[in-house]
Amino acid sequence: MRALGLVVEYNPFHNGHLHHLTQAKQQTGADVVVAVMSGTFLQRGEPALLSRWYRAEMALAAGADLVVELPYAFSVQTAERFAEGAVTILAALRCSVLNFGSEKGEIAPFYALAEFMNDHQVAFNHHVKQFLKDGVSYPKASAQAFSMLSGHEKLLPLDQPNNILGYHYVKAIQRLGISMEATTTLRIQAGYHDKEFAGPIASATAIRKALLSGENIETAVPAHTARLIQMYKRRYRLLHTWEHYFPFLQHKVLTTPLAELAKTAECSEGLEHRLRDSLFSASSFQGWLSATKSKRYTQTRLQRLFAHLLTGTTAEENAAIQQSGPAYIRLLGMSETGKTYIRENKKTFSLPLVTRQGELRRYGQAGEQELRISQCYWLPLPPQALKQEVTREFQQKPINWEKRS
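An unreviewed UniProt entry annotates the chain as tRNA(Met) cytidine acetate ligase of Shouchella rhizosphaerae. What the UniProt record of the chain gives under Catalytic activity (unreviewed entry) is the line "cytidine(34) in elongator tRNA(Met) + acetate + ATP = N(4)-acetylcytidine(34) in elongator tRNA(Met) + AMP + diphosphate". We quote the UniProt Sequence similarities (unreviewed entry) comment for the chain here in full: "Belongs to the TmcAL family."

Encoded structure:
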């Protein structure tokens, strides 16, 4: 069976995702679709609107055959770490092809970009360091450094989110020496960060904005997604946003010694002082974020830092987990086709398959981190509901889609 790998967040799953999934499967001639999905917190440092289980079901309903989780130490990270973690897991599952959406819709430019950057990495790193010294953010320093390289104008611009991720997928495949083909599918209509909500194709950013303001989003998502969102809101009386976690962050910053705050992942250059100082003038998460942002510290960088603060994640812990790479494959759900694929290939997977949360304790620091972070995700719930969800997480089996439907 030819397995197609997708790297996703599905926050939430929408019509653009459905287009990508169906087109990628047709384009690659795949027999099985494997989605590696961020779990509780996402690449840009945001809590997922809905739990991993609801988002996994959205994917299965739309045609994914296996949904597995990208561990926190790789999901709440820069594009490079994010891509390496995802590619490693897809390779462990014996995916022969990876597909990602892009504005270009052609894969050759991404391979050309990877080759160019390989040849100019030393110069690129030098320029990045120079721009960082000027006090600009890392993303801006990277874009400016790229523009300094001779011949860059003939290549894909390295300042668009999908180009950056696509480049890092190709780079990860090459660096890890994996026999996996990279392909890309043309994105249609809505851009990555478009905030306008119109028509059947809208960005996840626009859909989240509409959802949180109470607008109807049914034209932009599959029917099953719409039903699951309504079920989630009725059951938990919320969609997870940073505002729900603000009191916990306040407590953490105000009661933790500055020397300990400084050990948090993404907290460097004395940022712990800025966090505490800006907190005194903030009455909401958005107010705190606005007061802390600067030319050097972007919203994404700060949101990742806030995720690490909330979950007690240190730079040392993340570095140790990342150095070893993903330790296991956490299975969230499967179709009948996915179940067949596992049965036929499980013995050749290069990482062990985990089907229950309790099994994570076998995997040392990486497993303990996931257990802790999973519990933190449910903090906004009332005490009794929080207890129920933490218990449910331990009992939850992978979703068997045919039986659920």
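Structure shown, so let's carry the discussion forward.
**Q** For the overall build of the chain, give the residues involved together with the corresponding values.
**A** When you go through the chain residue by residue, the secondary structure sums to 20 helices and eight strands. Against the globule reference of 22 Å for 405 residues, the chain gives a C-alpha radius of gyration of 21 Å, in line with a compact fold. Dimensions of the chain, computed from C-alpha atoms along their principal axes, come out at roughly 60 × 55 × 45 Å. Summed over all atoms, the accessible surface of the chain reaches about 17,500 Å², with 51% contributed by carbon and sulfur.

**Q** Run through the nonpolar core, naming residues and quoting values.
**A** Counting 71 residues, the largest nonpolar core has Phe41, Trp242, Trp288, Phe306 and Leu309 as its most contacted members. Looking at this core element by element, the count peaks at seven residues for helix H2 (residues 52-62). Contacts of Trp242, omitting those with residues within four sequence positions, involve Phe41, Gly45, Glu46, Pro47, Leu249, Phe285, Gln303, Phe306, Ala307 and Leu310.

**Q** Any details on the side chain of Thr184? Residues and values, ideally.
**A** The residue Thr184 is located in strand S5 (residues 181-186) in this model. Within the structure, the side chain of Thr184 is placed 2.7 Å from the side chain of Ser102, a separation counted as a polar contact. Residues in contact with Thr184, not counting those within four places in the same chain, are Gln27, Asn99, Phe100, Gly101, Ser102, Gly105, Glu106, Ile107 and Phe110.

**Q** I'd like to hear about the packing of aromatic side chains, residue by residue, with values.
**A** Per the counting criterion, the structure on display carries 21 aromatic pairs. Centroid distance Phe41 to Trp242: 6.1 Å. Interplanar angle 35°. Geometry classified as tilted. Here Phe41 is found in the loop between strand S2 (32-38) and H2, whereas its partner Trp242 is found in helix H11 (residues 242-255), with 201 residues between them in sequence. Here the two residues Phe41 and Trp242 agree in accessibility, since each one is buried. Consider the rings of Phe100 and Tyr169, whose centres lie 5.7 Å apart with planes at 50°: the pair is tilted.

**Q** Break down unusual backbone geometry for me, citing the residues and quoting the values.
**A** In this chain, Asn11 is followed by Pro12 through a cis amide linkage whose omega measures 0°. Phi angles above zero are rare outside glycine, and Arg237 is one such case at about 60°. Locating Arg237 in the fold gives a position in the loop between helix H10 (223-236) and H11. Judged by its relative accessible area of 76%, Arg237 falls in the exposed class. Even without a glycine there, the phi angle at Glu266 is positive, about 75°. With respect to the helices and strands, Glu266 occurs in the loop between helix H12 (258-261) and helix H13 (271-279).

**Q** With reference to specific residues and values, describe helix H4 (residues 79-92).
**A** Since the α-helix advances by 3.6 residues per turn, residues separated by three or four positions end up pointing in the same direction. Between its first and last C-alpha, H4 extends 20 Å over 14 residues, near the 20 Å set by a 1.5 Å rise per residue. Where burial is concerned, most of H4 is hidden: ten out of the 14 residues are buried. Those residues of H4 that sit buried are Ala79, Phe82, Ala83, Glu84, Gly85, Ala86, Val87, Ile89, Leu90 and Ala92. Trailing H4 by a residue or two, Arg94 shows a phi angle of about 65°, which is positive.

Rules and cut-offs
Residues numbered from 1 in each chain as written. Predicted model: local features only at pLDDT ≥ 70, side-chain atom pairs only at ≥ 80, totals over all residues. Heavy atoms only, no water. UniProt positions renumbered as here; feature names shortened; annotations may be inferred. Helix = DSSP H or I, 4+ residues; strand = E, 2+ residues; numbered from the N terminus. Rg over C-alpha atoms; globule rule 2.2 N^0.38 Å. Areas by Shrake-Rupley, 256 points an atom, 1.4 Å probe, with all protein chains shown as cover. Core = buried A, V, L, I, M, F, W, Y, C linked by side-chain atoms within 4.5 Å. Buried < 20%, exposed > 50% of the residue type's maximum accessible area, 1.4 Å probe, protein only. Contact = heavy atoms within 4.5 Å. Polar contact = N/O pair within 3.5 Å; in protein donor to acceptor, adjacent residues only side chain to side chain. Phe/Tyr/Trp six-rings, centres within 6.5 Å; stacked < 30°, edge-to-face > 60°. Expected span 1.5 Å × (residues − 1).

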